[in-house]
Amino acid sequence: MKWKIPLYKVYVDDEDIREVSKVIKRGMDWAIGPEIEQFEKLLANYIGSEYCLTFNSGTSAGHAAMLALNVKTRDEIIVPSFTFIATANWALMANAQPKFVDIEENTFGLDPLQVKAAISPKTRVIIPVHYAGMPCRIDEIVKIANRRKIPVVEDTAESLGASIGKKKAGTFGDLSILSFAGNKVMTTGEGGAITTNSKTLFEKLKLLRSHGRLINFNYFSSNETPKYVSLGYNWRMSSMTAALGISQLHKFEKLVNLRRKHANYLSSKLSRYKSIKVPKEPKGYRHVYQLYTIRLTNSKIRDGLVKFLTKKGIMTKIFFEPIHKTDFYRKQNYTKFLRLPITENIYDQIITLPMFPSLKKEELDYIYDSVAEYMDTNTV
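Residues numbered from 1 in each chain as written. Predicted model: local features only at pLDDT ≥ 70, side-chain atom pairs only at ≥ 80, totals over all residues. Heavy atoms only, no water.

Caption draft 1: Broad picture of the pattern of salt bridges. Per the stated rule, a full pass over the model turns up 17 salt bridges. Residue Lys 251 is joined to Asp 16 by a salt bridge in which the shortest nitrogen-to-oxygen separation is 2.8 Å. Pair noted here: Lys 251 is in the loop between helix 8 (239-250) and helix 9 (252-270) and Asp 16 is in helix 1 (residues 14-26), with a separation of 235 residues, a long-range link. Lys 251 sits in the buried class, given a relative accessible area of 8%. Using a relative accessible area of 1% as the deciding quantity, one classes Asp 16 as buried. Among the ionic contacts, a cluster of salt bridges with common partners joins Asp 13, Glu 15, Asp 16 and Lys 251. (Salt bridge = Lys/Arg side-chain N within 4 Å of Asp/Glu carboxyl O. Helix = DSSP H or I, 4+ residues; strand = E, 2+ residues; numbered from the N terminus. Buried < 20%, exposed > 50% of the residue type's maximum accessible area, 1.4 Å probe, protein only.)

As structure tokens, this is what we get:
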């Protein structure tokens, strides 16, 4: 379907094209080029971490994180069900078991009290998710984890640039996963990264990312024989991808500020409806609005609005179907009697509206007017 207003549009300019073209035109170092390390340093500096390592996707980055933390068979990994399916799959990729824990209603992130209650002797890692661009209650979760000496891996795939006070999401836990997929605030089409303050984990991740190869030179530009010291994978980011990442990062704050401006405009208008709950930042929190998600009073109103906006040519989506309700996870025995009431209630009521930097005022007004038209005739 051709949408009048799609859910997202990639923001691209001449700098993006120029920087990628430079790599292509030089005809070499398309892999392990100088852009990789430059992008990693810029990301680490922006987030406030000691180390950063790029990957070919956020999913491979999360898989690598589980292996670096020595996750083993039958370990339990605490995760929310209200997230993209990769978050839970990371546990399965390491032959461990995701343990789904309910979320809380203000940030749509893991409920710290539920996390505390869910910890068992089998708990190996906790993975809080910063949903849609909003930090979860990560500081509380980390305190709980630290008391039990359990590593925390922040899923920051949707929330690069989000913060609590002066501390950015991705700097609270032991590791943080980033994604640069096509719909993210800053995108390279595909791609991901891990940030950490641990040199030990950083060195392990380097081996995992590239065939267990222990080298400090460009493999493709040297005739030296490398040392292979462990099992590893080919999870590297390409030089062209990193060049695009550098260019996108240069304008990142501009992209965030435009999203925040658009989100605030929509919220100021939509909040006139008591049956619509717009996203609100807790005091000291910074939301980057990778997704603009509103909450309706019930599923009937939500489902009707989705159909109505579709007829209007406005793309919407429901992020996310709880993982434990997907066909694949329904087949897993450990979800059979699972009850996550907050997760399921929120899923029944949310809808994600279009949000991207290049939205025009007339498009924002069309979104609002269309929602208003439906709400004025279909709610009590």
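Caption draft 2: Layout of the sheet that holds strand 3 (residues 97-101). One open sheet accounts for 3 strands, arranged 3-2-4; its pairing is parallel. Either end of the sheet is taken by a strand with one partner, and the two such strands are strand 3 and strand 4 (123-126). Averaged over all pairs of adjacent strands, the angle between strand axes in this sheet comes to 35 degrees, irrespective of strand direction. Pairing geometry for strand 2 (residues 76-80) and strand 3, over 5 bridges, is parallel. By the bridge assignment, Ile 78 is partnered in strand 3 with Lys 99. (Pairing = 2+ DSSP bridges. Axes fitted to C-alpha atoms, helices over the stretch in contact; angles between N-to-C directions.)

Caption draft 3: Looking closely at the packing of helix 9 against helix 13 (residues 361-378). The geometry of helix 9 relative to helix 13 is characterised by a closest axis approach of 10 Å and an angle of 30 degrees between their N-to-C directions. As summarised for this structure, helix 9 and helix 13 are arranged roughly parallel, according to the angle between their axes. In the packing of helix 9 onto helix 13, the handedness of the crossing is right-handed. In contact with His 262, Tyr 265, Leu 266, Lys 269 and Leu 270 of helix 9, helix 13 contributes Lys 361, Leu 364, Asp 365, Ile 367, Tyr 368 and Val 371. Of the residues that constitute the contact of helix 9 with helix 13, the class distribution is 7 nonpolar, 1 polar and 3 charged. (Parallel < 35°, antiparallel > 145°, perpendicular 65-115°, else oblique. Left-handed = near helix turned anticlockwise from the far one by under 90°. Contact = heavy atoms within 4.5 Å. Nonpolar A, V, L, I, M, F, W, Y, C, P; charged D, E, K, R; others polar.)

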